[in-house]
Amino acid sequence: SGLAPVPGTTPTRTSPQAALARTPPSVRTNPFVEEPESPRLASDVTLDALLDFSESLTGLTAPIPHTGFDESPFTEFAAKMESLPILRSISTLPPPPPPPPPSPPLRSMLHDLGLAAWAGDRAIRALPKTERLWREIKNLDKAGAVREQHKIGVIYIGACHDDKTDIITVARGSNAFEMFVSTLGWLVDVDTHAGYMGNLKRETFPGCKAPYFATSLLEVFFHVSTLMCPSDASDRDGLYKRRWAHIGNDTVHVVWCERAQDYHLSLLPTQFGEVAIVIYPLADSMFRIQILTKRSLTLLGPLVDGAVVHGASLGRLVRATAVNASKTIRAAEKFYKPFYVTRHEYINSIVREADTTMPFDTFCTQLMFPVRWVLYCCLL
């Protein structure tokens, strides 16, 4: 390649294949590699070979006939696939229901309570929906009270009442006594009242009314002797038994006494009555208070023995004193438990008997997404 061309001649370019073909075998550098066949030179091609090659090319210019595409094998395969039962069941599935929107209030509540995190695994238990579970939940408010409950007996003693039977079976009290009863709470109808009733049965005292008071943590029901009219008491003895069966079992009694003599516990002896709050009417709407107890109890007031109060605040003060006395008596019992402890134990017993082994992540998935949507996705 470094030689200069001869003057008067045109330089020619030699291909590598031609140069390799003209090189003697002794000069080749790698004898172990199979060399390609030497190409034929233009001088070796004859005129007859060129004519034969051109005639063979003229056949390619004719159009290729179109015979069409046979679709029958594919049609038969599609028909066989549609006849399969699993594909037929999937093709007949209804369209998927639209996913319901997430519940922001529910998720916010779980997050605020700390139950949506993994720490909620110990606080959340998945319970199966069985008939027994529903019965236990319905009985929860009765067995493990929602609020602290107290029942107080209210007794009227007229000026001429000296006998226990006469005191309990009296039909009506004085006007001042009736006004005092109305200030103890709301007068509720026993037939329709849905709150605490102090073990009073509707079928025994139909159509009767009773004072009832409640707060967010407290329920008080008053057994007023003059308002309890049993339906099955045909005589005086039957009326006495029905009334005293409830009033005699109350631990705290509120006694309205219009007698000239002071009241004493021996006038109405009872096994369960521990405290008696006695009210003596005075002049000018004033009332004297006497508190009697069977044993030494530290009462919390607000009324104390010997206090004199006005009628405008008498009902509220007597109710608060009676409730505090009932709390003191309960706290002195050996196996006493507050209402919230009893309710907590009852709930734990329900959970232990009906608890499942559902993982926490599965519970959260079913809580955020409906079961019907999840099952449909699993079928697909």
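Heads up: the structure comes first, above all this text.
These figures come from a predicted structure and were not determined experimentally. (Residues numbered from 1 in each chain as written. Predicted model: local features only at pLDDT ≥ 70, side-chain atom pairs only at ≥ 80, totals over all residues. Heavy atoms only, no water.)

Brief notes about helix 11 (residues 314-331)
Next, step 1: In this model helix 11 runs 26 Å from its N-terminal to its C-terminal C-alpha over 18 residues, within 8% of the 26 Å that 1.5 Å per residue would give.
Next, step 2: Of the positions making up helix 11, those classed as buried are Leu 314, Gly 315, Val 318, Arg 319, Thr 321, Ala 322, Val 323, Asn 324, Ala 325, Ser 326, Thr 328 and Ile 329. (Helix = DSSP H or I, 4+ residues; strand = E, 2+ residues; numbered from the N terminus. Expected span 1.5 Å × (residues − 1). Buried < 20%, exposed > 50% of the residue type's maximum accessible area, 1.4 Å probe, protein only.)

Section: the sheet that holds strand 4 (residues 218-224)
Next, step 1: Here 8 strands make up an open sheet; going across it, the order is 2-3-4-1-5-6-7-8 and the pairing mixed. This sheet does not close on itself; its edge strands, each paired only once, are strand 2 (186-189) and strand 8 (308-310). Ignoring which end each strand starts from, the neighbouring axes of this sheet average 30 degrees apart.
Next, step 2: Here strand 1 (residues 148-157) runs beside strand 4; their pairing, made up of 7 bridges, is parallel. Considered in strand 4, the bridge of Gly 153 is made with His 223.
Next, step 3: The strands touched by helix 9 (residues 175-182) are strand 1, strand 3 (209-214), strand 4, strand 5 (252-257) and strand 6 (275-281); relative to strand 5, the strand with the most contacts, the crossing angle is about 150 degrees. (Pairing = 2+ DSSP bridges. Axes fitted to C-alpha atoms, helices over the stretch in contact; angles between N-to-C directions. Contact = heavy atoms within 4.5 Å.)

Structural notes on the nonpolar core
Next, step 1: Of all hydrophobic cores here, the largest spans 32 residues; its most connected members are Phe 180, Ile 279, Ile 289 and Leu 314.
Next, step 2: Contributing elements (two or more residues each) for this core: strand 1, helix 9, strand 4, strand 5, strand 6, strand 7 (286-293) and helix 11.
Next, step 3: The greatest single-element share of this core, amounting to 6 residues, is contributed by helix 11.
Next, step 4: Other than its neighbours up to four places away in sequence, Leu 314 contacts Phe 180, Trp 256, Ile 279, Phe 287, Ile 289 and Val 309. (Core = buried A, V, L, I, M, F, W, Y, C linked by side-chain atoms within 4.5 Å.)

Brief notes about the packing of aromatic side chains
Next, step 1: All told, the structure shown has 8 aromatic pairs when counted by the stated rule.
Next, step 2: Centre to centre, the rings of Tyr 156 and Phe 177 are 5.0 Å apart; their planes meet at 45 degrees, and the pair counts as tilted. Of this pair, Tyr 156 sits in strand 1 while Phe 177 is found in helix 9, placing the two residues 21 residues apart along the sequence.
Next, step 3: Classification of Phe 177 by relative accessible area gives buried; the value is 0%.
Next, step 4: When the centroid spacing of 5.9 Å and the interplanar angle of 70 degrees are considered together, the rings of Phe 177 and Trp 256 count as edge-to-face. Of the two residues, Phe 177 is situated in helix 9 and Trp 256 in strand 5; the sequence distance between them amounts to 79 residues.
Next, step 5: For Trp 256, a relative accessible area of 1% translates into the label buried.
Next, step 6: In this structure an aromatic cluster arises from ring pairing among Tyr 156, Phe 177, Phe 180, Trp 256 and Phe 287.
Next, step 7: Lying across the ring of Tyr 280, Arg 288 places its NZ or CZ 4.2 Å from the centre.
Next, step 8: Its guanidinium or amino end placed over the ring of Phe 213, Arg 319 lies 3.9 Å from that ring's centre, counting from NZ or CZ. (Phe/Tyr/Trp six-rings, centres within 6.5 Å; stacked < 30°, edge-to-face > 60°. Lys NZ or Arg CZ within 6 Å of the ring centre and 35° of its normal.)

Thoughts on the side chain of Glu 219
Next, step 1: With respect to the element layout, Glu 219 can be found in strand 4.
Next, step 2: Polar side-chain contacts of Glu 219 include one of 3.2 Å to the side chain of Arg 147.
Next, step 3: A polar contact is formed between the side chain of Glu 219 and the side chain of Tyr 212, at a distance of 2.5 Å.
Next, step 4: Not counting chain neighbours up to four residues away, the residues in contact with Glu 219 comprise Arg 147, Glu 148, Gln 149, His 150, Gly 195, Tyr 196, Tyr 212, Phe 213 and Ala 214. (Polar contact = N/O pair within 3.5 Å; in protein donor to acceptor, adjacent residues only side chain to side chain.)

Purely geometric numbers; function is a separate question.
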